[in-house]
Amino acid sequence: AGRRETEGEEVFISRTVFNTGAGIDESVINARNFGVGLSNVERRLDSYYGDAAEMKIESRAEGTCAAIRFPIERALNLKA
């Protein structure tokens with residue numbers, strides 16, 4: 001699911017993905033020791049948006065939830 005969020009004068013894009021598999025062990029989440037895909041997403045968010053973006057991974061009994069959030073204004077100003 002994706003949505004637009006407003007905080008004060010800033011506007012963000014928020015995207016959440018859910019996997020119904022076995023989940024990720026909490027030690028992997030705490031160490032930020034993800035596989036290639038999640039590691040690449042985290043590095044790109046940091047490279048493009050710095051501290052303005054965030055990525056949260058949460059393991060649940062029914063699977064894993066990955067959520068990213070970044071400012072729209074900076075996204076629109078990125079060069080391809």
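Before reading on, note that the structure itself is shown above.
Thresholds applied
- Residues numbered from 1 in each chain as written.
- Predicted model: local features only at pLDDT ≥ 70, side-chain atom pairs only at ≥ 80, totals over all residues.
- Heavy atoms only, no water.
- Core = buried A, V, L, I, M, F, W, Y, C linked by side-chain atoms within 4.5 Å.
- Buried < 20%, exposed > 50% of the residue type's maximum accessible area, 1.4 Å probe, protein only.
- Helix = DSSP H or I, 4+ residues; strand = E, 2+ residues; numbered from the N terminus.
- Pairing = 2+ DSSP bridges.
- Contact = heavy atoms within 4.5 Å.

1. Quick word on the nonpolar core
If you look at the biggest cluster of nonpolar residues, it comprises 9 residues: I29, F34, L45, Y49, A53, M55, I57, A66 and F70. At the level of secondary structure, the elements contributing two or more residues to this core comprise helix 2 (36-49), strand 3 (54-60) and strand 4 (63-71).

2. Side note on the pairing of strand 2 (residues 10-19)
In terms of strand pairing, strand 1 (residues 2-7) meets strand 2 through 6 bridges, oriented antiparallel. The residue of strand 2 that forms the bridge with G2 is R15. Judged from the 8 bridges that link them, strand 2 and strand 4 form a sheet pairing that is antiparallel. Bridged to F18 within strand 4 is C65.

3. Describing the environment of I13
With respect to the element layout, I13 can be found in strand 2. Spatially, the C-alpha atoms of I13 and F70 are 5.5 Å apart, while their sequence positions differ by 57 residues. Once residues lying within four places of it in the same chain are set aside, the contact partners of I13 are R3, I68, R69, F70 and I72.

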